[in-house]
Amino acid sequence: MIVVPGPASGQLGSRIAELLGAEPVSVDYKGFPDGESYIRYTRSVAGEEVAIIQTTAPPQDTHLLQLFLLIKTAKDLGARSAVSAVPYLAYARQDKRFREGEAVSIKTIVGLIEAAGADYFITINIHNPEILDEFSIPSKNLSAIPLLAEFFKEKGLKRAFSLAPDEGALGMAKEADEVMGGGYGWLRKRRDRITGDVEAEGGALDVRGKDAVVYDDIISTGGTMALAVKILKDQGARRVYAACVHPLLVANAGERILESGAEGIVGTDCVPSSFSVVSVAPLLAKALRGVS
Ligand code: R5P
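Worth saying up front: this structure is predicted, and the values here are computed from it rather than measured.

Cut-offs applied
- Residues numbered from 1 in each chain as written.
- Predicted model: local features only at pLDDT ≥ 70, side-chain atom pairs only at ≥ 80, totals over all residues.
- Heavy atoms only, no water.
- Core = buried A, V, L, I, M, F, W, Y, C linked by side-chain atoms within 4.5 Å.
- Buried < 20%, exposed > 50% of the residue type's maximum accessible area, 1.4 Å probe, protein only.
- Contact = heavy atoms within 4.5 Å.
- Salt bridge = Lys/Arg side-chain N within 4 Å of Asp/Glu carboxyl O.
- Helix = DSSP H or I, 4+ residues; strand = E, 2+ residues; numbered from the N terminus.
- 1 Å grid on protein atoms, 1.4 Å probe; cavity = no way out; pocket = protein on both sides within 12 Å on 5 of 7 lines; lining within 4 Å.
- Points joined across faces, edges and corners; volume = space filled by probe spheres on them.
- Nonpolar A, V, L, I, M, F, W, Y, C, P; charged D, E, K, R; others polar.

**Student:** I keep staring at the nonpolar core and nothing clicks. Help me out?
**Tutor:** When a protein is soluble and globular, its nonpolar side chains tend to lie buried together. Counting residues in each nonpolar core, the largest one holds 41 residues, and the members touching the most others are Ile 16, Ile 122, Ile 124, Phe 152, Val 213, Tyr 215 and Leu 284. With residues up to four places along the chain from it excluded, the contact list for Phe 152 reads Leu 157, Met 180, Val 213, Tyr 215, Tyr 241, Ala 243 and Val 266. In this structure, Val 27, Ala 92, Phe 135 and Ile 137 belong to the second largest nonpolar core, which totals 38 residues.

And the structure:
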């Protein structure tokens, strides 16, 4: 297998190549003055099994387009197969027609990945794993939650309480609790579909005097996380940390969460950011070993 670190996941892709003992393939990238994307493979990929590592964090549309170009070009150049590893899959939250007439955007994205010629698809903590049923190629959804929980354990947060900021994240809190062992809970969240504002409540949580970590798949505006941290602090939690797999952290999301009382924010390199301290390279390398 040869590994192609895409322009959105250069560092992660190189780490994965190193872990696999595979050659990282350098690709030339540029953006034309009018905004169009250009890619060029600098070596032959003919006959190879090519693993393309490309996240689709902001700017999502550019990173998606680069992903399609990388897959399609590898196949055009005679690659035996193209494994598409997309640590963060953009548009996954638009998985339903929430309001009459809306696009179910993720269905279009899945169709385009397949149409480009991907033979296998891997992602991490996709917002709704049922989306993978839309693929007709084999696909896999990995979880980085144990890696995040291990990080906190190693930092000395033993037996911290694991909180899901909404019901959809409950599985993540349970997974974290298997590592942390300090109990888990979840909040009931409601989001206004037009303004994006969130409200949440969770009844009494067993957190007084305890350390706690809030786990979510994505931090976008930080509204959900800030609210969850505040609820934990109001209920007497000691130190509270915000953890997520995909730290999109748009605008002042980081400040917003820290101002709500969080000691720190910890994310993964599924989305590069100043908070992406946990690497998913070992997780993806292991999954890629299973493909070839
Ligand atoms: C939604 O259900 C997701 O799991 C996250 O909770 C959400 O995307 C976070 O968004 P924000 O940071 O804007 O509140």
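**Student:** Would you mind showing me how to read the pattern of salt bridges here?
**Tutor:** Opposite charge on two side chains makes pairing possible when the charged atoms of those side chains draw close. Inspection of every chain in the model, using the stated rule, returns 11 salt bridges. Two residues, Arg 238 and Asp 211, come together in a salt bridge whose shortest N-O distance is 3.2 Å. One end of the pair, Arg 238, is in the loop between helix 6 (223-234) and strand 13 (240-247); the other, Asp 211, is in the loop between strand 11 (198-201) and strand 12 (212-219), and 27 residues separate them in sequence. What makes Arg 238 partly exposed here is its relative accessible area of 46%. The buried category is assigned to Asp 211, whose relative accessible area is 9%. Where Asp 234 meets Lys 230, a salt bridge forms, and the shortest distance between an N and an O atom there is 2.9 Å. With Asp 234 and Lys 230 both in helix 6 and 4 residues apart, the pair spans about one turn of that helix. Here Lys 230 falls in the partly exposed class, since its relative accessible area comes to 42%. If you follow the salt bridges from partner to partner, you end up with Glu 23, Arg 43 and Glu 48 in one network.

**Student:** Please explain the layout of surface pockets as it appears in this structure.
**Tutor:** The calculated volume of the largest pocket comes to roughly 1,100 Å³. Lining the largest pocket are 41 residues, with Arg 93, His 127, Asp 166, Lys 189 and Arg 191 positioned closest to its centre. For the lining of the largest pocket, the secondary structure elements donating two or more residues are helix 5 (170-180), strand 10 (188-191), strand 12 and helix 6. The element that contributes the greatest number of residues to the lining of the largest pocket is strand 12, accounting for 4 residues. By residue class, the composition of the lining of the largest pocket is 11 nonpolar, 15 polar and 15 charged. By volume, the second largest pocket amounts to about 170 Å³. Residue lining of the second largest pocket: 13 residues in total, with Gln 11, Arg 15, Asp 269, Pro 272 and Ser 276 positioned closest to the centre. Listing elements by their share of the lining of the second largest pocket, those giving two or more residues are helix 1 (10-20) and strand 15 (276-278). Element by element, the count of residues in the lining of the second largest pocket is highest for helix 1, at 4 residues. Each residue belonging to the lining of the second largest pocket can be placed in one class, and the counts come to 5 nonpolar, 6 polar and 2 charged.

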